[in-house]
Amino acid sequence: MKKTNVIEVENLTKMFGDFTAVNAITFEVKKGEIFGFLGANGAGKTTAMKMLIGISKPTSGKAKVAGFDVFTHAEDIKKNIGYMSQKFALYDDLTVKENITFFGGIYGLSRPKIKEKTIALLEELGLQEVANQLVGSLPLGWKQKISFSVSLLHEPQIVFLDEPTGGVDPITRRQFWEMIYKSANQGTTIFVTTHYMDEAEYCDRVSIMVEGKIEALDTPKKLKDQFKVDSMNEVFLKLARNIE
Amino acid sequence: MKRFLGFIEKEFYHIFRDKRSLFILFGMPIAQILLFGFAITNEINNVEIAILDHSKDATTGEIINKISASKYFSINQFIEQEADIEAAFKKGKIKAVLNFENDFSKNLVKEKQATIQVITDATDPNTANTISNYINSILQNYQLDQNKDIKIVYQIVPQTRMIYNPELKSVFMFVPGVMTIILMLVSAMMTSISITREKELGTMEILLVSPLKPFQVIIGKVVPYIFLSMINAVVIILLSIFIFKMPVQGSLFLLGLESVLFIITSLTLGILISTISATQQTAMMISLMGLMLPVILLSGFIFPISSMPAPLQIISHFIPAKWFIIILKGIMLKGVGISLLWKETLILLAMTLFFIGLSIKKYKIRLE
Amino acid sequence: MSITLQHISKSYKKVEALKDISFEVKENELFGLIGPDGAGKTTLFRILTTLLFADEGTANVAGFDVVKDYKAIRQNVGYMPGKFSLYQDLTVEENLKFFATIFGTTIDENYELIKDIYVQIEPFKNRRAGKLSGGMKQKLALSCALIHKPKVLFLDEPTTGVDPVSRKEFWEMLKRLQQKGITILVSTPYMDEAALCDRIALIQDGKILKIDTPEAIVKHYPKTIYNIGANNMYQLILSLNAYEHSYSVYPFGEFVHYTDQRTNFELNDLKKYLEAENLTGVSIQSTKPTIEDTFMELAK
């Protein structure tokens, strides 16, 4: 069974003046895949992701996301993707319900649809009891689960997760990954950017960016075999050392 | 002591590396003083007026000359009859009409009394008032000149004399106010921001967990601003003397001392604000709403305190700026010394001590 | 004992941040406080660095009481708060010089202690701290915390937000500092860093789950853990959870960590069950427990 590509990137480059932040990266991501996009701070991850979600114009190269060209159809891309970041997820001063309604609204969901989705979402997370509580009063782990569900509200083809589980307790983190596996299983593509290497272990395939270039791209298992180590952390350390 | 100096050195680095604070420190005072001095003024200049002279005799001629010679008025047109007054106003150019009665000179000599009607455009009541006051005072001056040598026994002429600011220059009123605002702003807002910035950054935690004593941290924060505020005070005074020709009648030394006192008052207010706010943004909001507005509205800087409703008059007593403005006006315009300003000075001093006490009480050596 | 805590409790309004915490850190020990965000690590650090009062209990640092002798503690400890608290608008050298001055010392006086760390950032000494990478900020913050030669060093999540290379270097630096006789209390949300400490306390929701050496903690894990892999991760988790004998099922990277309720059982039965659930490429292998497994078991 050959799966279709939902992200296709070819020689994508971004320059800031003389500085090449992203240097001709090429990769594709298949439908339903959990793709890890790794790199140290400043390696160009964030810049690359901004180009893919249509908020930064590439300098050169080609990229298609959810079937749309990043150069010409950035607005269509935004409608077809979800985004969740650990830094900003939900409004602390709104209740869980209000947050869901708000985010459903900005993605153009109708009121009845939002209502229906809200009930389904709360039930799935088992959070009916806190539906009318302020998000700020909830534990971090719950917030993150809600915010992931919220990013799926408009049934996007691809969800971009920016360091989703840093600092979360180990059990909640597993529950979070189970949610990710579930939506991937249903055909949603998951694009995870992170510099936490243990997050990388959960991905189907990972790419590692170093200084604007993709230096490695494969399944975690093959990368570990290739570098003859036990963890992605060590893969990263070896890779960084080789570059230096 | 070395610790303390190291701290102050660091504060200066912060100030000189932040373009925003540099602008507030040095750009604002100059901009404000020029703005208030030139643009926002309630004095009148070259107001165009019309004359309706029914007598056209020697006296009216002299009065008209005197008025047009002053820099406050210029004569736009001469009207021939009452019916044209309204039309003249409606064109919008003129702000007042002087209407001399028939046989002005004759009446003045014969009946010792003659009438001029002053009609002003009261769509802007303040200006209308000012215009009629100015015209009155010109007329009175004229009368005085005329009567110099003659002793008239039967008439009481009210003589209004504008002293201390005989030319009614509003910039003289604004300079003390602007100086107060700027010193308040620089001292209170900048210190409260710089202290809360350390809280936000987390560096305050390290400073607390260091042998540096809390009061050293606070004094270290304050010293650079005393220094910079003094520079500001000097700049403002120089600007007002050289650009606006403002006199400083009293002692410069006393002026300096009182300024230092007020700067310290403002700094302690800044410290107080920083103890109750956790972020730079809150500190800024409190400084603006809690300090700037009262200074502008209730200190007598723009609105005279005597014409405020009683409750506001009472509140105004608690605003340090009010007392400082009185002191400044006293020294700069009236040239009085400490013998007449001791009460205001003492009030400021007491307020400062109170704020210092409160800050020390409020300042936490811990995070809670 | 370098640090002693006895029955420390602390609440903020409604939230109980710390519940009856007691432990000891020995002289010259590298002690790790391991737990997720919100576990109470920062509150604990602030109590020990005299920044907060505990509601109940007593604590000693370097022989001084955290309430009565707070001044003495402030002379004797180094503290690196969660975010690298540096002056962003000062250069590397100015930051270090400033912290040296307020502690009444100079860079030269204690250069020996920070040399290892500082040489790595010295080439950038004229760069503003705000312009440094995460790893360099971390090194500078550590240098600043060490410049007065503290007896006890408190490091609150020093490796959060730092890339793996810098994290590794950072732990190597801590080991070297320990050899110079400094007691170190370090907190981290990363379970994999726990193994680098002499002893660790696992902490969650304000409670200590366990205190021991990393080796002893994993050794006492009560069950055998199996690494189970299959081609469909989500289906694998569902099937394992539905399995009547399953005790715990946790995704763990490319595998699932599975424990069974039974002490002895036939692996083939499980394999058959999974294959009957339409899973392919099923692999089952026993594996060693990690700190994270223990943490989850204790927090369950």
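Cut-offs and rules
- Residues numbered from 1 in each chain as written.
- Chains lettered and ligands numbered in written order.
- Predicted model: local features only at pLDDT ≥ 70, side-chain atom pairs only at ≥ 80, totals over all residues.
- Heavy atoms only, no water.
- Domains from an automatic or database assignment.
- Axes fitted to C-alpha atoms, helices over the stretch in contact; angles between N-to-C directions.
- Helix = DSSP H or I, 4+ residues; strand = E, 2+ residues; numbered from the N terminus.
- Parallel < 35°, antiparallel > 145°, perpendicular 65-115°, else oblique.
- Left-handed = near helix turned anticlockwise from the far one by under 90°.
- Contact = heavy atoms within 4.5 Å.
- Nonpolar A, V, L, I, M, F, W, Y, C, P; charged D, E, K, R; others polar.
- Buried area = accessible area lost by both parts, 1.4 Å probe.
- Salt bridge = Lys/Arg side-chain N within 4 Å of Asp/Glu carboxyl O.
- Polar contact = N/O pair within 3.5 Å; in protein donor to acceptor, adjacent residues only side chain to side chain.
- Patch = residues over 30% accessible without salt bridge, like charges linked within 9 Å, V, L, I, M, F, W, Y side chains within 5 Å.
- Areas by Shrake-Rupley, 256 points an atom, 1.4 Å probe, with all protein chains shown as cover.
- Lys, Arg positive; Asp, Glu negative; His and termini not counted.
- Charge placed at Lys NZ, Arg CZ, Asp CG, Glu CD.

## As for the domain arrangement of chain B
Considered domain by domain, chain B is made up of domain 1 (2-40 + 169-362) and domain 2 (47-147). Using only C-alpha atoms to locate each centre, domain 1 of chain B and domain 2 of chain B end up separated by 46 Å.

## Considerations on the packing of helix 3 (residues 92-102) of chain C against helix 4 (residues 111-121) of chain C
Residue and element names in this part refer to chain C. At a minimum axis distance of 11 Å, the contact between helix 3 and helix 4 shows a crossing angle of 155 degrees. Accordingly, the angle class assigned to the pair helix 3 and helix 4 is roughly antiparallel. Once helix 3 is placed against helix 4, the crossing between them reads as right-handed. Residues Val92, Glu93 and Leu96 of helix 3 lie in contact with helix 4, whose contacting residues are Ile114, Tyr118 and Ile121. Across the contact of helix 3 with helix 4, the residue classes tally to 5 nonpolar, no polar and 1 charged.

## Some points on the interface of chain A and chain C
Listed by partner, the interface residues are 27 residues for chain A and 29 residues for chain C. Summing the contributions of chain A and of chain C, the shared interface buries around 2,400 Å²; its carbon and sulfur component is 61%. Area buried by chain A at its contact with chain C is led by Ile171(A), Arg174(A) and Tyr181(A), which between them contribute 23% of it. Joining chain A to chain C, the criterion identifies 3 salt bridges. Measuring nitrogen to oxygen at the nearest pair gives 3.7 Å for the salt bridge that ties Arg173(A) to Glu292(C). Remark: the boundary between chain A and chain C carries 6 residue pairs in polar contact (both at pLDDT 80 or more). For the side of chain A that touches chain C, the elements supplying multiple residues, two or more each, are helix 6 (170-185), helix 8 (220-227) and helix 9 (232-243) of chain A.

## Quick look at a positive patch on the surface
Together, Lys199(B), Lys361(B), Lys362(B) and Lys364(B) give the surface a local cluster of positive charge. Take Lys362(B): it is sitting in helix 14 (residues 338-362).

## Re the arrangement of the chains
Of all 2 pairs of chains that touch, the greatest number of contacts is found between chains B and C. Nothing in chain A touches chain B, and the closest approach of their C-alpha atoms is 17 Å.

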